[in-house]
Each structure stands twice: as structure tokens, then as C-alpha cells.
Amino acid sequence: MTTYGATPAHVAIIMDGNGRWAKARGLPRLAGHRAGVEALRRTVRAAPGLGIAYLTVYAFSSENWSRPQSEVSDLMGLLKIFIRRDLAELHQNGVKVVVIGDRATLQPEIRSLLEEAELLTAGNGALTLAIAFNYGGRDEIARAARKLALSVARGEIDPEDITPAAFSSALDTAGIPDPELVIRTSGELRLSNFLLWQAAYSELAFLPCYWPDFSADHLAEAVREFGRRERRFGGLAPQDVAL
Ligand code: IPE
Ligand code: IPE
Ligand code: MG
């Protein structure tokens, strides 16, 4: 199967470069993270107009705990502020909020805020915003494997039932289609443990700009560029198939 020119229904973004954005301005890293939240707001507002139905954003990785404690606590604080300040607007705009990642090790206060956001917006359909928080692809895959192993041990399923589709359904992203496009800002050329399973056939776009500088125009251009990609999924482009 080859596809061209389509609009990506699911765009996933590695929001990177907040620290370097701040450093370039002689500001503390926290200022960069704050400006990053503004960029997130702009992106969420712009997405539905570009035909995007699912937007997944990498906000805190399972490896980000290794940063200085003060920065970790700043990032936790910003998540709380984002949910508290923006939940009403998100809900009003028909945004359905879901959170992917391991919640078990988060503060109870954050867990309940995330649950509140999910519960309030569960019926919305204008855009699904998946916030990857305390998220790591390997961790997610290991937790899914554990879930499936438990089902086998309980006799609920057979090992033969563990197909790629069944595995997808055991991930945090169950019910969300794979991202057609993964964008990373800040010029780094790696996935940093983001959506390892789901990005198997994603188109990748690496942008030099730092996340706080990301605008609706950057998003629109990435979507246009996606439309020019030839996606083959292991097959052949139509012009290469012998008649
Ligand atoms: C991305 O910006 C935000 C998080 C990882 C939470 P960084 O904080 O990684 O910024 P750089 O990469 O140091 O510039
Ligand atoms: C990836 O960025 C995680 C998020 C954007 C939340 P990092 O800044 O943590 O990734 P590395 O350390 O450069 O790979
Ligand atoms: Mg970074």
C-alpha cells in the first residue's frame, strides 16, 4: 500500500529545546518550560483547523526524573498549572484529554488532576490531546507485556492470542490510531523513548527550532511536508509495480 498527500489524523510531538531557548536568552530553564506551555496552547488551538484529530505531546519522559530535583518539581508544577488553568478552555473547545505513561509513581495530587481532566472531557470529539507524562516507550511496552502475561496466567487468553493488534490494545494508547507523523523540535535526531511501538511506520520531521518558538505555521508546514512524502509500508510505489 502506498499513500500520498493525505492529512495526518494523528500527529505526535517531542516538545524539545526549552532549556536551550532559555539559555540563549540568559534566562533560567524554568522560563523556557513556561514559554513551552504557551507553545503547547498555540499548537492545541491550531491542530483541529489542520485536520488533525489526535495530538500526542511528550511532556515528561520516564528518564526526565534524572534531572535536578528542582527542575523535576518545576515540571510537575507546570503540569498542575496547565491542567488547572486550561481545562475549562480545553473542554469548551471540545478537546478530549487522555494521559499516557505510568501514573503509579506520580504524586496523588497530580494523579487526581489527570483523572479529573480525563473524566470531564471524556465525551468530547473535536480533538484528542494525549499528554505523555512520565512516559517511556519501553516502560509502556513492558507494562503491556505484564498485563498480557497476567491474562494468560489467569487463563483468560491463550499465548496465541497475543498478536500485534492485541498488543496495541494493551498499550496506554489503546483505541488511538498510530501517529502518521512524529515531529521533534530542537534539532535533535532521535526518538528518546517516545512511542517506540506506535511509530513503526510514522513519518519523522525534525525541526531546528526550539519548542517555545514553535508556531501554527511550523505545524502547518510539517503537515504540508507530510503530504509530499511517499509512504510505502514495505510495498512498492505504484510506478514501480511491473504491469
Ligand atoms: C523539553 O525541553 C522539555 C522536557 C524535556 C521536559 P528540554 O528541557 O529538554 O530542553 P533542552 O533540550 O535542554 O534544550
Ligand atoms: C525528550 O526530550 C523528552 C521530552 C520532550 C519530554 P529530552 O530532552 O529528555 O531527550 P534527550 O535527553 O535529549 O534524549
Ligand atoms: Mg531536551
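Provided above is the structure to which this section pertains.
Report on the accompanying structure. Remember, predicted model here, so these are calculated numbers, not experimental data. Here the residue index of a chain counts from 1 through its sequence in written order. Written order determines the labels here, with chains lettered from A and ligands numbered from 1. Given that the model is predicted, a residue must reach a pLDDT of at least 70 before its local features are reported, and side-chain atom pairs must reach 80 or more before they are shown or counted; all residues, however, enter totals for whole chains, interfaces and linings. Values shown for side chains rest on all heavy atoms present in the structure; no hydrogens or waters enter the calculation.

A count of helical and extended segments in the protein gives seven helices and six strands. Across its three principal axes, the protein shows a C-alpha extent of roughly 60 × 50 × 35 Å. Looking at the 243 residues of the protein, the share that counts as buried comes to 47%. Working rule for contacts: check all heavy atoms of both residues, and any pair within 4.5 Å makes them a contact. Of the contacts formed within the protein by residues at least 6 apart in sequence, a portion of 78% connects residues at least 24 apart. With an accessible surface of roughly 12,100 Å², the protein has 55% of that area assigned to carbon and sulfur atoms. Only DSSP runs of H or I covering at least 4 residues are called helices, and only runs of E covering at least 2 are called strands; the numbering of each starts at the N terminus. When accessible area is computed with a 1.4 Å probe and restricted to protein chains, residues below 20% of their type maximum are described as buried, those above 50% as exposed, and intermediate ones as partly exposed. Exposure was quantified through the Shrake-Rupley algorithm and a 1.4 Å probe, taking into account, for residues, occlusion by the shown protein chains and nothing else.

Bringing the site of ligand 1 into the picture now. If you check the shell around ligand 1, you find 13 residues, and the closest are D16, G19, R20, R29 and R67. Pairs of N or O atoms are called polar contacts if they sit within 3.5 Å, as long as, within protein, a hydrogen donor faces a hydrogen acceptor (for residues adjacent in sequence, only side-chain-to-side-chain pairs). D16 is positioned such that a nitrogen or oxygen atom in its side chain is 2.9 Å from an oxygen atom of ligand 1. With respect to ligand 1, the side chain of R67 contributes an N or O atom lying 2.7 Å from an oxygen atom. About the coverage of ligand 1: the protein hides 87% of its 380 Å² of free accessible area. Going through the elements one at a time, α1 (18–24), α2 (29–46) and α3 (69–92) are the ones with two or more residues in the shell around ligand 1. Whether a residue is near a molecule or strand depends on its heavy atoms: if one lies within 4 Å, it is near.

The next thing to look at is the pattern of salt bridges. Any Lys or Arg side-chain nitrogen located within 4 Å of an Asp or Glu carboxyl oxygen qualifies as a salt bridge. One pass over the structure, following the stated rule, counts 21 salt bridges. Among the ionic pairs, D139 bridges to R143, the shortest N-O distance being 2.9 Å. Residue D139 and its partner R143 are both found in helix α5 (residues 137–153); the two are separated by four residues, about one turn of the helix. A residue is classified by how much of its surface remains accessible, and R143, at 16% relative accessible area, is buried. With a closest N to O distance of 2.6 Å, D172 and R143 form a salt bridge. In this pair, D172 is assigned in the loop between α6 (164–170) and β5 (181–184) and R143 in helix α5, connecting sequence segments 29 residues apart. Overall, D172 belongs to the partly exposed group, its relative accessible area being 22%. Through salt bridges with shared partners, a single ionic network connects E203, E221, R224, E225, R228, R229 and R231.

Okay, the site of ligand 2 next. Near ligand 2 you find I14, M15, D16, Y58, A59, F60, N64, R67, R184, R190 and S192, and these make up its full shell. Contact between ligand 2 and N64: an oxygen atom at 2.9 Å from a side-chain N or O atom of the residue. Between ligand 2 and R67, the relevant distance is 3.2 Å, taken from an oxygen atom to a side-chain nitrogen or oxygen of the residue. Coverage of ligand 2 by the protein amounts to 78% of the 390 Å² it exposes when considered alone. Think of a 1 Å grid over the protein atoms and nothing else: a 1.4 Å probe that fits but is trapped marks a cavity, an open set flanked by protein within 12 Å on at least five of seven lines marks a pocket, and residues with an atom within 4 Å of a point count as lining. Pocket or cavity membership: a molecule qualifies when more than half of its atoms sit within 2 Å of the grid points of that site. The site holding ligand 2 turns out to be the largest pocket. At three residues, strand β2 (residues 54–61) tops the list of elements feeding residues into the shell around ligand 2. Taken together, the residues that form the shell around ligand 2 break down as five nonpolar, two polar and four charged. Amino acids are sorted into nonpolar (Ala, Val, Leu, Ile, Met, Phe, Trp, Tyr, Cys and Pro), charged (Asp, Glu, Lys and Arg) and polar (every other residue, Gly among them).

Turning our attention to the packing of α3 against helix α4 (residues 108–121). Direction vectors running N to C along α3 and α4 enclose 15°, while the axes themselves pass 10 Å from each other. Looking at the two axes, α3 sits roughly parallel to α4. In terms of crossing hand, the pair formed by α3 and α4 is left-handed. For the pair formed by α3 and α4, the contact residues are M76, L79, K80, I83, R84, L87 and H91 on the first element and E109, I110, L113, L114, E116, A117, L120 and T121 on the second. Note on geometry: axes are C-alpha line fits, over the in-contact stretch for helices, and angles between N-to-C directions span 0 to 180 degrees. Roughly parallel here means an angle under 35 degrees, roughly antiparallel means over 145, roughly perpendicular means 65 to 115, and every remaining angle is called oblique. Crossings are sorted by hand: turned counterclockwise from the far helix by less than a right angle, the near helix makes the crossing left-handed, and turned clockwise it makes it right-handed.

Attention now goes to the side chain of N193. Position of N193 among the secondary structure elements: in the loop between β5 and β6 (203–206). N193 sits in the buried class, given a relative accessible area of 14%. In terms of polar contacts, N193 uses its side chain to reach the backbone amide nitrogen of R138, at 3.0 Å. Residues within four places of N193 in sequence aside, it is in contact with Y58, S62, E63, Y135, G136, G137 and R138.

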